[in-house]
Amino acid sequence: MNWPHSCISLCWIYFAASRLRAVETADGKYAQKLFHDLFEDYSNALRPVEDTDKVLNVTLQVTLSQIKDMDERNQILTAYLWIRQIWYDAFLTWDRDQYDGLDSIRIPSDLVWRPDIVLYNKADDDASEPVNTNVVLRYDGLITWDAPAITKSSCVVDVTYFPFDHQQCNLTFGSWTYNGNQVDIFNALDSGDLSDFIEDVEWEVHGMPAAKNVISYGCCSEPYPDVTFTLLLKRRSSFYIVNLLVPCVLISFLAPLSFYLPAASGEKVSLGVTILLAMTVFQLMVAEIMPASENVPLIGKYYIATMALITASTALTIMVMNIHFCGAEARPVPPWARVVILKYMARALFVYDVGESCLGPRHERERTRLSKVYDKLPASNLNAARGKGLSGKKDSHELVKNNLGCQGGSPEDAGGSCARFAALTRNIEYIAKCLRDHKATHSKGSEWKKVARVIDRFFMWVFFLMVLVMTVLIIARAD
Ligand SMILES: *[C@@H]1O[C@H](CO)[C@@H](O)[C@H](O)[C@H]1NC(C)=O
Ligand SMILES: *[C@@H]1O[C@H](CO)[C@@H](O)[C@H](O)[C@H]1NC(C)=O
């Protein structure tokens, strides 16, 4: 920067500063005079246009500051807005030079004419007056009026995809009495201003596009313009996932386990009923916050489906319990069931007899231990009996006879002891027969029990799959 240049700029700064000081000192006096001159014969009741055929243009700009509340049940959005309206007042102009360069003043807004722009879809019960904030009046008649407002607007809430839903709330502004030929309304920008938005904990704001609509009622009537701001909202769903969805998913995974519970515990049905009650509690919680609309929310559908599943599983459990307690008086297991259920299904579902599955190895060990004990015994009749396998009735007869010393005892004892022996044999045979019968009935009962267990296992997997599919379906909705 060379010398003459900087001198000039310094001089300019000095000149400007002195002039500014003069304006400041003169401001008060001139503002008084201006105010007096402007409002001497001004009426704020009439539309300020020189020619009444001319339209007065109002520019509207809305800044969203905060979403205070979204009431899904009553479909009301409460928002904190700053509304800026800009228009030209043809009667409030002045020549700056006559007032020492005064180019704008701030005056209470109720002194000037204001457009009667209201929120059409207002859902507030009290008719709130516009706030009497100041307006900024420029020398050429441009009036800028900023007013804060807490608006309650009706908003069609569609909860079909709750808690993964998006909502669109319209805020429609228009003049209440003037038609489009008298007061026309424009949006300053093509969207609402979100730069001062305070982040909401429940909703993400995805934009606020603005659009001007002109509605004409009938063929030749005047147009009625309005500006609609569409607030695009997306619910932050983590709260609902943690509090409503995860507990329900966890509980519903318990439902198939009621099939796994042993029937002897007697808790199978009560487990199902308990789960059903827990689901009902969650369902009531959701029903409380949702509007009573036709659209069932996604989470509500999930609850209903889960509850239906649990009801079905409890009903099936009761039926399977009936099979389990079929007992010995029942018919034997039909042959087809023996083949299909006891042979193929049992194998496919890994259902074993109790002895095979958890007691299996121990059983085996027991047997080997016993055989070792037998081997250690001196070569006796017992060993011989084991060798013969006690197969024929005759053999055992012989054996018992031998052991009781029916042969080879003293002759005088022989007659008495042999009679005793015959009675004893009859008793033993009777006991053996009883045991055999008992074993047969027992095996019939246990066959039914095994059928029940196979069916139980089958339903457990079916219901487990269904719960899994439902959970995957609802999680797939989350994005
Ligand atoms: C109002 O806006 C319309 C359309 O932009 C324009 O034609 C008209 O001149 C404007 N009127 C005034 C008074 O500025
Ligand atoms: C909201 O406003 C937009 C644009 O004017 C319109 O397309 C939409 O149908 C309105 N929605 C409702 C629910 O009124």
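Please read these numbers as outputs of a predicted model, since none were measured by experiment.

As a further point, take the sheet that holds strand E8 (residues 183-187). Ordered in space as E3-E5-E6-E2-E1-E8, the 6 strands form an open sheet in which the pairing is mixed. Looking at the sheet topology across the chains shown, the edges are occupied by strand E3 (104-108) and E8. For this sheet the average axis-to-axis angle between neighbouring strands, irrespective of direction, equals 30°. Here strand E5 (residues 134-138) pairs with strand E6 (residues 142-154) via 3 bridges, running antiparallel. Within the sheet, the bridge partner assigned to Val-136 lies in E6 and is Thr-144.

Glancing now at the site of ligand 2. If you check the shell around ligand 2, you find Asn-170, Asn-213, Thr-228 and Thr-230 and nothing else. Asn-170 places a polar side-chain atom, nitrogen or oxygen, 2.4 Å from an oxygen atom of ligand 2. Within the contact set of ligand 2, an oxygen atom lies 3.5 Å away from a side-chain nitrogen or oxygen of Asn-213. Against a free-state accessible area of 360 Å², the protein chains account for coverage of 41% of ligand 2. Residues belonging to the shell around ligand 2 are distributed by class as follows: no nonpolar, 4 polar and no charged.

Further remarks concern the packing of helix H2 (residues 238-254) against helix H3 (residues 268-289). As a packed pair, H2 and H3 sit with axes 10 Å apart at the nearest point and diverge in direction by 160°. Here H2 lies roughly antiparallel to H3, going by the angle between them. Between H2 and H3 lies a crossing whose hand is left-handed. Seen from H2, the contacting residues are Tyr-240, Asn-243, Leu-244, Pro-247, Cys-248, Ile-251 and Leu-254; seen from H3, they are Leu-271, Ile-275, Ala-278, Met-279, Phe-282, Met-285, Val-286 and Ile-289. Partitioning the contact of H2 with H3 into residue classes produces 14 nonpolar, 1 polar and no charged.

On to the packing of aromatic side chains. Each aromatic ring pair is described using two quantities: the centre-to-centre distance and the angle formed by the ring planes. According to the stated counting rule, one finds 16 aromatic pairs in the structure shown. Each ring, one from Phe-459 and one from Phe-463, has its centre 6.4 Å from the other, and the planes form 80°; the classification is edge-to-face. With Phe-459 and Phe-463 both in helix H10 (residues 411-477), this residue pair falls 4 residues apart, about one helical turn. Neither Phe-459 nor Phe-463 differs from the other in exposure class; each is buried. Ring pairing ties together the aromatic residues Phe-259, Phe-458, Phe-459 and Phe-463, which thus form one cluster.

All residues adjacent to ligand 1 are Val-55, Asn-57 and Phe-186. One of the side-chain N or O atoms of Asn-57 is found 2.2 Å from an oxygen atom in ligand 1. Against a free-state accessible area of 350 Å², the protein chains account for coverage of 34% of ligand 1.

Turning next to H3. Compared with the 32 Å implied by 1.5 Å per residue over 22 residues, the 33 Å span of H3 between its first and last C-alpha is a close match. Buried residues of H3: Lys-268, Gly-272, Ile-275, Met-279, Phe-282 and Val-286, and no others. For H3, the arc enclosing every buried residue in end-on projection is 90°, short of the 170-degree limit, so these residues lie on one face. Facing away from the buried surface of H3 by more than 90 degrees, the exposed residues are Leu-277, Leu-284 and Glu-288.

A few words on the state of the cysteines. Two cysteines whose sulfur atoms are joined by a covalent bond form what is called a disulfide. Scanning the entire structure with this criterion turns up 1 disulfide. Between the sulfur atoms of Cys-155 and its disulfide mate Cys-169 the distance is 1.9 Å. Classification of the bridge connecting Cys-155 and Cys-169 rests on its S-S torsion, roughly -80°, and on that basis the disulfide is left-handed. Residue Cys-155 is located in the loop between E6 and strand E7 (166-175), and its partner Cys-169 is located in strand E7; the two are separated by 14 residues in the primary sequence. Summarising the burial analysis for this pair, Cys-155 and Cys-169 share the class buried.

This part is about the side chain of Thr-230. Counting through the fold element by element, Thr-230 comes out in strand E11 (residues 223-235). Within polar-contact distance, the side chain of Thr-230 engages the side chain of Asn-170 at 3.1 Å.

Before going further, it helps to spend a moment on a nonpolar patch on the surface. A grouping of Trp-461, Phe-464, Leu-465, Leu-468 and Val-472 is seen on the molecular surface, where their side chains present a nonpolar patch of about 460 Å² in accessible area. With respect to the helices and strands, Val-472 occurs in helix H10. For Val-472, a relative accessible area of 52% corresponds to the exposed category.

Two faces, one strand: in a regular strand the side chains alternate between the faces of the sheet. One ladder, built from 7 bridges, connects strand E10 (residues 210-216) with E11; its direction is antiparallel. Within E11, the position partnered with Lys-212 by the bridge is Val-227.

In this numbering, the UniProt entry assigns the feature "transmembrane region" (unreviewed entry) to residues 239-262, 269-290, 302-321 and 458-476. The annotated region residues 239-262 carries 67% helix and 0% strand content, and the separation between its end C-alpha atoms amounts to 37 Å. Annotation note: span residues 269-290, helix share 95%, strand share 0%, distance between end C-alpha atoms 32 Å.

What follows deals with the side chain of Ser-153. Along the chain, the position of Ser-153 falls in strand E6. The exposure class assigned to Ser-153 is buried, which follows from its relative accessible area of 0%. Discounting residues that sit within four places of it in the chain, Ser-153 has contacts with Gln-75, Ile-76, Leu-77, Leu-119, Asn-121, Lys-122, Ala-123, Asn-170 and Leu-171.

With an omega dihedral of 0°, the bond running from Phe-162 to Pro-163 counts as a cis peptide bond. Mapped onto the fold, Pro-163 is located in the loop between E6 and E7. A positive phi angle, close to 60°, is found at Asp-100, a residue other than glycine. Note that Asp-100 resides in the loop between strand E2 (76-88) and E3. Of note in this structure, Phe-350 is not a glycine but carries a positive phi near 60°. Tracing the sequence through the fold places Phe-350 in the loop between helix H5 (335-348) and helix H6 (354-357).

Definitions and cut-offs
Residues numbered from 1 in each chain as written. Chains lettered and ligands numbered in written order. Predicted model: local features only at pLDDT ≥ 70, side-chain atom pairs only at ≥ 80, totals over all residues. Heavy atoms only, no water. Pairing = 2+ DSSP bridges. Helix = DSSP H or I, 4+ residues; strand = E, 2+ residues; numbered from the N terminus. Axes fitted to C-alpha atoms, helices over the stretch in contact; angles between N-to-C directions. Near = heavy atom within 4 Å. Polar contact = N/O pair within 3.5 Å; in protein donor to acceptor, adjacent residues only side chain to side chain. Areas by Shrake-Rupley, 256 points an atom, 1.4 Å probe, with all protein chains shown as cover. Nonpolar A, V, L, I, M, F, W, Y, C, P; charged D, E, K, R; others polar. Parallel < 35°, antiparallel > 145°, perpendicular 65-115°, else oblique. Left-handed = near helix turned anticlockwise from the far one by under 90°. Contact = heavy atoms within 4.5 Å. Phe/Tyr/Trp six-rings, centres within 6.5 Å; stacked < 30°, edge-to-face > 60°. Buried < 20%, exposed > 50% of the residue type's maximum accessible area, 1.4 Å probe, protein only. Expected span 1.5 Å × (residues − 1). Arc of directions from axis to C-beta. Disulfide = S-S within 2.5 Å. Patch = residues over 30% accessible without salt bridge, like charges linked within 9 Å, V, L, I, M, F, W, Y side chains within 5 Å. Salt bridge = Lys/Arg side-chain N within 4 Å of Asp/Glu carboxyl O. UniProt positions renumbered as here; feature names shortened; annotations may be inferred.

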